Amino acid sequence: MILATYTFPEGFLWGCATSSHQVEGNNINNDWWAWEQEEGRILNGDRSGKACDWWAGRWREDFDRAKAGYQNAQRISVEWSRVQPDRDRWDESALDRYRQMLMGLKERGMVPMVTLHHFTNPLWLAELGGWENDEVVELFGEYTRKTVDALKAHCDFWVTINEPNVYMAGGYLGGGFVPGKNDVKLAIKVLTNMVKAHARAYEIIHELQSEARVGIAHHWRGFMPAKKGFLTRRVADLYNTAFDNAFAEALRSGKFDAKIYKENIPQAKDTQDFFGINYYGRQEVRSDLFKPSSMYSEYGYPKDFELSDSGFVANDPEGFRACIRWANSFGLPIYITENGTEDSKDVFRRKFLVDHIIAMWREINHNIPVKGYFHWSLVDNFEWNLGWERRFGFWQLDVNTQQRTQRDSGKLYAEICRTNSLSWDAIEKHAPELYEHVFGTPELKG
Ligand code: BGC
């Protein structure tokens, strides 16, 4: 039997990631809440409702769970619509509640990472046209100033915007997100406004807190052409540039280049202190010259990929390695700001977790500075347009009773966090079926 251990560097951060709307509950003043009330928007007609009931105080027990699971960091988000319920009104009590949450993390020995924008907008902003309106750059700056100033004694680790490309494609290229549009021009407007808003926020945060570390949670898909044909390669190349790379590149060079649109945004140059990655699997592009309607819309996971329950997430650790290498080309410390899978049965998740942790370990051993890993997610939470059917938590949530039950993958993750490693005996205890998959059959025959 092989008694091997994948050990991580000292001081490595292990935690989970969540976002305000998905866990807080009763976020009635934002555009997603309004969207959920419309028929046909959310799978099964689900609503976020109480979500994980954090706003009413259950963050305490969930932070206790994270601490009991030896996590030493936690990524949470602040809800803009709570901090600024109207354009000309700030809610100090909301800021105070976030302050308590951050102090709660500190008391439990966890480093907080705070996201300022995770998909939702205050209703008043949505009414102004949200991210389509150039005014959003200054408005986001004001909200950032207010929030960071109020919380800076308790956090110095900021994600300005979560997954700008997913926000753009989900909301403006027919992806089933608010505001449900399908318009390339608007999509570009939204994305470039997010570059500008990030740059503005970066400047403000550093003005308020010189030691701050500021970044973006970048979502990466590593599009591969399914066929060798010229067209398929061209489309994959366009996606890789426009969806995966353009935003990050603009924050390095001040040049936004999505092939179909270019703009110089010099104020965005060098506005990241770390590089955040959200990774859920690569995709392949299947555009067909003879099916013009499929040209830009035919993509998905390759047939031979292992998929989660509903096919929503792929177990593609090789893609994770490629993603980490891509991130490393930006020359910054890297944090995995999200990685995880839906899996109500919790069999796929354990393999997914082990495979991704090992993939990350390999890249670290090639001297790539990955400094922390935030799993998505701690407790099952409201999965946007897919409602409550997709279960991403280490803890299973009964939405009606608010009862939490730990899944085996949660126990495995606790062992990883406790020992800062993935050891043979953690696998033997919590995922014995994976032993051979990880270590092979060591006995020499004959
Ligand atoms: C988002 C999360 C979401 C997760 C799982 C990420 O794209 O940032 O909000 O829950 O994926 O789909």
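Use the structure listed above.
Residues numbered from 1 in each chain as written. Predicted model: local features only at pLDDT ≥ 70, side-chain atom pairs only at ≥ 80, totals over all residues. Heavy atoms only, no water.

Enquirer: Help me out: how do you make sense of the overall build of the chain in this one?
Expert: Counting its secondary structure elements, the chain contains 15 helices and 19 strands. In terms of overall size, the chain behaves like a compact globule, its C-alpha atoms giving a radius of gyration of 21 Å where 446 residues would be expected to give roughly 22 Å. For the chain, the spread of C-alpha atoms along the principal axes amounts to about 75 × 60 × 45 Å. Within the chain, the fraction of its 446 residues that count as buried is 60%. As presented, the chain carries roughly 17800 Å² of accessible surface, and 50% of it is formed by carbon and sulfur atoms. Of the charged side chains in the chain, 54 are positive and 63 negative; the average position of the first set lies 3 Å away from that of the second. (Helix = DSSP H or I, 4+ residues; strand = E, 2+ residues; numbered from the N terminus. Rg over C-alpha atoms; globule rule 2.2 N^0.38 Å. Buried < 20%, exposed > 50% of the residue type's maximum accessible area, 1.4 Å probe, protein only. Areas by Shrake-Rupley, 256 points an atom, 1.4 Å probe, with all protein chains shown as cover. Lys, Arg positive; Asp, Glu negative; His and termini not counted. Charge placed at Lys NZ, Arg CZ, Asp CG, Glu CD.)

Enquirer: Is there a simple way to explain unusual backbone geometry in this structure?
Expert: Residues apart from glycine generally show negative phi values, whereas peptide bonds are mostly found in trans. In this structure, Pro179 follows Val178 across a cis peptide bond, with omega equal to 5°. Looking at the secondary structure, you find Pro179 in the loop between helix H8 (164-172) and helix H9 (184-208). The omega torsion across Trp376 and Ser377 is 15°, close enough to zero to call that bond cis. Looking at the element boundaries, Ser377 is found in the loop between strand E16 (370-375) and strand E17 (395-397). You will see that Glu163, though not glycine, has its phi angle at about 45°, which is positive. Look at Gln402: it is not a glycine, yet its phi comes out positive at around 65°.

Enquirer: Teacher, can you tell me more about a nonpolar patch on the surface here?
Expert: On the surface, a nonpolar cluster with roughly 270 Å² of combined accessible area is contributed by Leu173, Val184 and Ile260. With respect to the helices and strands, Leu173 occurs in the loop between H8 and H9. Residue classification places Leu173 among the partly exposed positions, given a relative accessible area of 38%. (Patch = residues over 30% accessible without salt bridge, like charges linked within 9 Å, V, L, I, M, F, W, Y side chains within 5 Å. Salt bridge = Lys/Arg side-chain N within 4 Å of Asp/Glu carboxyl O.)

Enquirer: Looking at this model, I keep getting lost on the nonpolar core. Mind explaining?
Expert: Soluble globular proteins tend to bury their nonpolar side chains together. With 141 residues, the main nonpolar core has Trp14, Trp131, Trp158 and Met360 as its most contacted residues. At 11 residues, the largest contribution of residues to this core is made by helix H10 (residues 230-253). When residues no more than four places from it in sequence are discounted, the contact partners of Met360 are Phe8, Phe12, Trp14, Phe320, Ile324, Ile336, Val370 and Tyr373. (Core = buried A, V, L, I, M, F, W, Y, C linked by side-chain atoms within 4.5 Å. Contact = heavy atoms within 4.5 Å.)

Enquirer: What exactly am I supposed to notice about the packing of aromatic side chains here?
Expert: Aromatic ring pairs are reported here in terms of the distance separating the ring centres and the angle at which the planes meet. Tallied over the entire structure, the rule returns 41 aromatic pairs. Centroid distance Phe12 to Trp14: 4.7 Å. Interplanar angle 55°. Geometry classified as tilted. What makes Phe12 buried here is its relative accessible area of 3%. In this structure an aromatic cluster arises from ring pairing among Phe8, Phe12, Trp14, Tyr373, Phe394 and Tyr413. A cation sits over an aromatic face here: Arg41 above Trp35, 3.8 Å from the ring centre. Sitting over the ring of Trp55, Arg82 keeps its end group 4.0 Å from the ring centre. (Phe/Tyr/Trp six-rings, centres within 6.5 Å; stacked < 30°, edge-to-face > 60°. Lys NZ or Arg CZ within 6 Å of the ring centre and 35° of its normal.)

Enquirer: What's the story with the site of the ligand in this structure? I'm lost.
Expert: In the neighbourhood of the ligand, 14 residues make up the surrounding shell, with Gln22, His118, Glu163, Glu338 and Glu383 lying closest. Separating an oxygen atom of the ligand from a side-chain N or O atom of Gln22 is a distance of 2.8 Å. At a separation of 2.9 Å, an oxygen atom of the ligand approaches a polar side-chain atom of Asn162. Considering only residue class, the shell around the ligand consists of 6 nonpolar, 5 polar and 3 charged. (Near = heavy atom within 4 Å. Polar contact = N/O pair within 3.5 Å; in protein donor to acceptor, adjacent residues only side chain to side chain. Nonpolar A, V, L, I, M, F, W, Y, C, P; charged D, E, K, R; others polar.)

Enquirer: Explanation requested: the pattern of salt bridges in the structure shown.
Expert: Close approach of charged atoms allows side chains of opposite charge to pair. Counted by the stated rule, this structure contains 40 salt bridges. The salt bridge involving Asp270 is made with Lys269; its shortest N-O contact spans 3.2 Å. Through salt bridges with shared partners, a single ionic network connects Asp53, Arg58, Glu61, Asp62, Arg65 and Arg404.

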